[in-house]
Amino acid sequence: MLDPDSCYAALERRDPAMDGRFFVGVTTTGIYCRPVCPARTPARSHARFYPGAAAAQAAGFRPCLRCRPETAPDSPAWVGTRASIDRALRLIDEGALAEGSVVDLADRLGMTDRHLRRLFERHLGAGPLAIEATRRLNLAKQLIHDTALSLTDIAFAAGFGSVRRFNEVFLSAFDRPPSALRRGGAPADPVAPITVLLALPPGATPVVPGTLALDQGTVTLVERRVGSVRVALHGVALADLGRTIAAAKRALAAGCPTSPPCATTSDAGNGLRSG
């Protein structure tokens, strides 16, 4: 359970250690932000705090275009305490709800769909379908910012059933079409390397070999930054971009020594091996 006063204090000091652990919705703008957002700190009475991006969006807030909530590190709030939630999120990253239903997901976890929804609402502030919708939106927005893929390719890589639906979701979330979010109006380049920025948990010490080999392709280090790394994806099909990015992010953060734990011992697996 989030403590609003503690969250607001972290927001005032833009505490990087709290990045990804909560999001703040600002009632006067209808926008939600990361606690490290450079925008002016809202008045306490105008701030609402949520455990995840999906919860903020479900409450009617739009993602901030300055701090880019889709680039926040994954929240460690449930890791080590709710293995079922961690596994469910992994399966969602791998397309479980793009290819099946919440009932199917719950069956794979050995529980009822009602219990799964209750766990998600209690610990993440939103149900599985809201988490999937936010994952799809955030993946698409990241690919728009970080790659030169065409918008049509991005729509299908992120799991949208049609370009029309892709456009509708972005208009609803950002009050502008996807093309308006592409920096500088850069033209699509189908042969350009696919590189993405991966945020790491606060205090993480990433394990970054030269190449990470995954079942879907390989990932190579392009640039190391404070709190993030930029990587290139090679041999990854469009349909596998989301799961590959999620797997690479978990693998790079697996050595995180922070407390509470940023990763479980199971993170060392996931079909990843050093190349």
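This text goes with the structure placed above it.
Residues numbered from 1 in each chain as written. Predicted model: local features only at pLDDT ≥ 70, side-chain atom pairs only at ≥ 80, totals over all residues. Heavy atoms only, no water.

Asks: Would you mind going over the overall build of the chain with me for this structure?
Replies: The secondary structure content of the chain amounts to 10 helices and 9 strands. When each of the 275 residues of the chain is scored for burial, the buried share is 48%. In the chain, the share of contacts with a sequence separation of at least 24, taken over all contacts with a separation of at least 6, comes to 66%. Accessible area for the chain stands at about 12700 Å²; split by element, carbon and sulfur atoms hold 53% of it. (Helix = DSSP H or I, 4+ residues; strand = E, 2+ residues; numbered from the N terminus. Buried < 20%, exposed > 50% of the residue type's maximum accessible area, 1.4 Å probe, protein only. Contact = heavy atoms within 4.5 Å. Areas by Shrake-Rupley, 256 points an atom, 1.4 Å probe, with all protein chains shown as cover.)

Asks: Teacher, can you tell me more about helix H6 (residues 113-124) here?
Replies: A turn of α-helix holds 3.6 residues, and therefore any two residues three or four places apart point the same way. Relative to the 16 Å expected for 12 residues at 1.5 Å per residue, H6 spans 16 Å between its end C-alpha atoms, a close match to the ideal helical length. Those residues of H6 that fall on the buried side of the exposure criterion are Leu116, Leu119, Phe120 and Leu124. Burial along H6 is one-sided: seen end-on, the buried residues are contained in an arc of 95°. Pointing more than 90 degrees away from the buried face of H6 are the exposed residues Arg114 and Arg122. (Expected span 1.5 Å × (residues − 1). Arc of directions from axis to C-beta.)

Asks: Looking at this structure, how should I read helix H5 (residues 102-109)?
Replies: Looking only at H5, the buried set comprises Val102, Leu105, Ala106 and Leu109. Seen from one end, H5 has its buried residues packed into an arc of 100°, which puts them on one side. Its buried side turned inward, H5 meets helix H3 (83-93), helix H4 (96-99), H6 and helix H7 (128-146). Of the residues flanking the end of H5, it is Gly110, one or two places downstream, whose phi is positive at about 75°.

Asks: How should I be thinking about the pattern of salt bridges in this particular structure?
Replies: Note on pairing: side chains with opposite charge can pair once their charged atoms come close. Scanning the model with the defined rule gives 14 salt bridges in all. In this structure, the salt-bridge partner of Asp5 is Arg44, at a minimum N-O distance of 3.7 Å. Linking Asp5 in helix H1 (residues 4-12) with Arg44 in the loop between strand S2 (31-33) and strand S3 (47-50), this pair joins segments that are 39 residues apart in sequence. For Asp5, a relative accessible area of 55% gives the class exposed. Arg44 gets classed as partly exposed once you look at its relative accessible area, which sits at 31%. The residue Asp15 makes a salt bridge to Arg13 at a minimum N-O spacing of 3.1 Å. (Salt bridge = Lys/Arg side-chain N within 4 Å of Asp/Glu carboxyl O.)

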